[in-house]
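Notes for the structure review
Each chain, letter by letter, is given below.
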Amino acid sequence: MESSSKLPLHLCHVHKLSIFINRTHMFFHSIALVFLLYYRASFFFIQDTTKTKATTLAWLLVFVSEILLSFEWLLSQSFRWRPVSRTTAPEAYFSAEDEDADFGGIEFIQDREDIKEKYEAFKKRVREKATVGDTGSRLSRDHPAVIEVIQETSSDDAIQENETKNMPLLVYVSREKRPSHPHNFKAGALNVLIRVSGVISNSPYILGLDCDMHCHDPSSARQAMCFHLDPKISPSLAFVQFPQKFHNISNNDIYGSQHRSIFWLQWQGFDGVGGPGVNGTGYYMKRLALCSSSIHEDGDPMKLRQSFGPSNEFIKSLHQNNKPDMLIHRKNALLNEAQLLASCTFENGTKWGEEFGFMYGSVAEDYVTGFRLHCKGWISVYCNPPRPQFLGRSYTNLDEVLVHCSRWTSGMVDVLFSKFCPLIYGPLKTYTFVQSICYAEMALIPIFHLPLWCLASIPQICLLNGIPLYPEVSNSYFIVFSFVFLSLISKHLYEVLSTGFTFRHWINEQRIWMMKSVISDLYGSVDGFMKKIGMREANFFLTNKVDDVDQLKRYNMGVFDFQTSILFLAPMTALVILNMASFAVGISRVIFLGELDKFFIQVFIPFYIILMNYPIVEGMLIRKDRGRIPPSVTLLSP
């Protein structure tokens, strides 16, 4: 980077064509929604002797559902308002590196084998350090803090030698856990690491990475520094976020596990209006951003202790201008101090998790932390280079997907009913108003998906009883409803194709969206409400990422695996059975009563739902393998 100091460290590309398409679509779709809602509202002002209480109630439920879904759609357009992408250190430089990598011959191969051998030895040492002491208690929620420096030997000479060769230290940290003290889940662990690393290395930048992800490109730190060291944005830049990408995604991606909408679309739009939120992994965070609210060189020591806790060494590290210490001459003293920083009582009476570090109070600590940083005036950037910087393992069965989404929904409900509710806390504090709308959409979308239950059942029940809810084909408002439907699915198809995916991916995204929206959002919302009213404690349950051979085989073949809880299966099958019955009755009305003009939309809705959810129909009626829907669930669902 020094050799190219006269050149910009990074470039920001504004997607002008996408902006034009997105805003044009917003305009025409919004007009159509106004006409649609006017048609719904006019029903309640028309004097009609054929109206019944059942008809009025059905219209009211569908009307409210359409209002909420229209509002959710409007909020979601904030991600499409100004999409940008960024590129970083010149292409010629990377090309030179790639060319150099081709040279070396036998020596290069031998060097690679040596590194592989040392890496295996390194993994063995990590496991040995991780199992020091009582292994049984280490895996429980009742064990002391453990801080270990992992290296070839434990002598100070080895540490000095490591620094001389610019080799980074590896420190194993296991915070203290006691049943009587809340540990604040992942956010609590991250705050312990911030404090411990502050007295050991005090690096100005922190890489956050989940345990199931690994670095795929060693240049990720250098690319992040192209933003962090840029004088134009560095003073206000809190973190650089890379996308989550995965090494185990099949070609079909039937469960939408690579999160195309988030990492290929939403985060680019987020970046264009002030920067994306913290994604939980794959980010380079500026340490100062997490601990900067009231740090001054002449700060009151007593006030700093009240805010940051009773560690003079950590408070001292806050005033060292982030100069690395590297644990050279004070190894034992600092390790003892690190034990204190990792204790479960250290945060008592402090502002950790409220003003400093990662925010507490929700299992969605990454969302709250990013939102809090942006409300304090920081910005962030999103970098999505062609080569994945980090790779991990994503979900390969339906159970993992639904559990993960339920957990996320529960966290969003926590946020909505907290002081960090984006509708109240953020509109006047974030970098732009549109950025606060992005945060609001993320928090509200699970609640706004609950009305989908009405649209998946009320028109169908009304069709069974011969009650029309939509305009006839000959009615001019039929065009309005048709336009809204075609506008939504065609825009989604355009976004899928324009980001390099296929028509098959579009179908799979539609399918898994329906399943997650009516199942995960329902259970996650109920779970969040129950926690808020004190009926159950917060539960950060990890999804099971152990591959089952048969499940993995079905996943790679593009076949849904329905080995999941009956609480997930029963509602899905019940809705599909209702739509199948409704479609059958609708076809009968069309054939025998000639009511195609009257009930066309209400016949089309269950047809579309059945088509998109064909894997559920197949799982109920056709398949015989272990991954099918159990017959008992199918029989009990109606």
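Because the structure is predicted, anything quoted here is derived from the model rather than measured. Numbering of residues starts from 1 in every chain and runs along the sequence as written. Residues qualify for local features only when their pLDDT is at least 70, as the model is predicted, and side-chain atom pairs are given and counted only at 80 or more; totals for whole chains, interfaces and linings, by contrast, use all residues. For the side-chain quantities, the full set of heavy atoms in the structure was used; hydrogens and water were omitted.

What follows covers the overall build of the protein. Elements are defined by DSSP. Helices are runs of H or I of four residues or more, strands are runs of E of two residues or more, and each kind is numbered from the N terminus. Counting secondary structure elements, the protein contains 26 helices and 11 strands. Counting the 638 residues in the protein, one finds 49% classified as buried. Using a 1.4 Å probe, accessible areas were evaluated by the Shrake-Rupley method; residue-level cover was limited to the displayed protein chains. Total accessible area on the protein is roughly 31,300 Å²; 62% of this is exposed by carbon and sulfur atoms. Buried means the residue's accessible area, taken with a 1.4 Å probe over protein chains only, is under 20% of the maximum for its type, while exposed means over 50%, and partly exposed covers the values in between.

Bringing a nonpolar patch on the surface into the picture now. Surface patches are drawn from residues lacking salt bridges whose relative accessible area is over 30%; two like charges belong together within 9 Å, two nonpolar side chains (Val, Leu, Ile, Met, Phe, Trp, Tyr) within 5 Å. Note on definitions: salt bridges are taken to be side-chain nitrogens of Lys or Arg within 4 Å of carboxyl oxygens of Asp or Glu. On the surface, Phe44, Phe45, Leu57, Leu60, Leu61, Val64 and Leu68 cluster together into a nonpolar patch covering about 610 Å² of accessible area. Position of valine 64 relative to the elements: it lies in helix H2 (residues 53–76). Exposure remark for valine 64: the relative accessible area of 40% places this residue in the partly exposed category.

Right, let's get into the pairing of strand S9 (residues 283–286). In the case of a regular strand, side chains alternate between the two sheet surfaces. Burial along S9 is two-sided: Tyr283 and Met285 and Tyr284 and Lys286, pointing in opposite directions, are all buried. As paired strands, strand S5 (residues 205–208) and S9 are joined by four bridges and run antiparallel to one another. When the sheet's bridge partners are listed, leucine 207 is paired in S9 with tyrosine 284. At least two bridges found by DSSP between two strands is the condition for calling them paired. Two strands pair when backbone bridges link them, and strand S7 (residues 237–241) and S9 are joined in this way by three bridges, in the antiparallel orientation. Across the sheet, phenylalanine 239 pairs through a bridge with methionine 285, a residue of S9.

The next subject is the sheet that holds S5. Within the open sheet, the four strands sit side by side as S5-S9-S7-S10. Their pairing is mixed. Two strands in the sheet have a free side with no partner beyond their single neighbour: S5 and strand S10 (379–382). Averaged over all neighbouring strand pairs, the angle between strand axes comes to 20°, with direction disregarded. In the packing of helix H9 (residues 260–271) onto the sheet, contacts are made with S7 and S10, and the angle to S10 comes to roughly 145°. Residues are treated as being in contact if the distance between any of their heavy atoms lies within 4.5 Å. Orientation is described by axes fitted as lines to C-alpha atoms, over the contacting stretch for helices, and by angles from 0 to 180 degrees between their N-to-C directions. Sheet strands touched by helix H14 (residues 365–375): S7, S9 and S10. Its angle to S7, the strand with the most contacts, is close to 140°.

Quick look at the UniProt feature "transmembrane region" (unreviewed entry) in the protein now. In the numbering used here, UniProt assigns the feature "transmembrane region" (unreviewed entry) to residues 26–46, 58–76, 566–587 and 599–617. Across residues 599–617 one finds 95% helix and 0% strand; the C-alpha atoms that close the span lie 24 Å apart. UniProt positions are given in the numbering used here, feature names are shortened, and annotations may be inferred rather than shown by experiment.

This part covers the pattern of salt bridges. Tallied over the entire structure, the rule returns 17 salt bridges. With a closest N to O distance of 2.8 Å, aspartate 210 and lysine 186 form a salt bridge. Of the two residues, aspartate 210 sits in the loop between S5 and strand S6 (213–215) while lysine 186 sits in helix H7 (residues 185–200), which places them 24 residues apart along the sequence. Connected through shared salt-bridge partners, Arg554, Asp561, Arg623 and Asp625 make up one network.

Quick look at the nonpolar core now. Soluble globular proteins: nonpolar side chains tend toward being buried together. Core analysis: the largest hydrophobic core is formed by 53 residues, its most contacted members being Tyr255, Leu398, Leu469 and Ile616. Discounting chain neighbours no more than four positions away, the residues touching leucine 398 are Tyr255, Ile512, Met515, Asp561, Phe562 and Met572. Put simply, a nonpolar core is a bunch of buried Ala, Val, Leu, Ile, Met, Phe, Trp, Tyr and Cys residues held in one set by side-chain atoms that sit within 4.5 Å of each other. Core analysis: the second largest hydrophobic core is formed by 36 residues, Leu169, Val196, Leu290 and Leu334 among them.

If you trace the backbone, glutamine 306 turns up in helix H11 (residues 301–308). C-alpha of glutamine 306 to C-alpha of threonine 350: the two residues are 44 residues apart in sequence and 5.6 Å apart in space. Residues contacting glutamine 306, with those up to four places away along its chain left out, are Gly349, Thr350 and Lys351.

According to UniProt, the positions carrying the feature "binding site: Mn(2+)" (unreviewed entry) are Lys186 and Asp210. The named residues occupy 25 residues along the chain; their greatest pairwise C-alpha distance, 10.0 Å, places them in one compact cluster. Ignoring anything within four residues of it in the chain, the contact list for lysine 186 reads Asp210, Gly280 and Glu365. Under the relative-accessibility criterion, aspartate 210 is labelled partly exposed at 24%.

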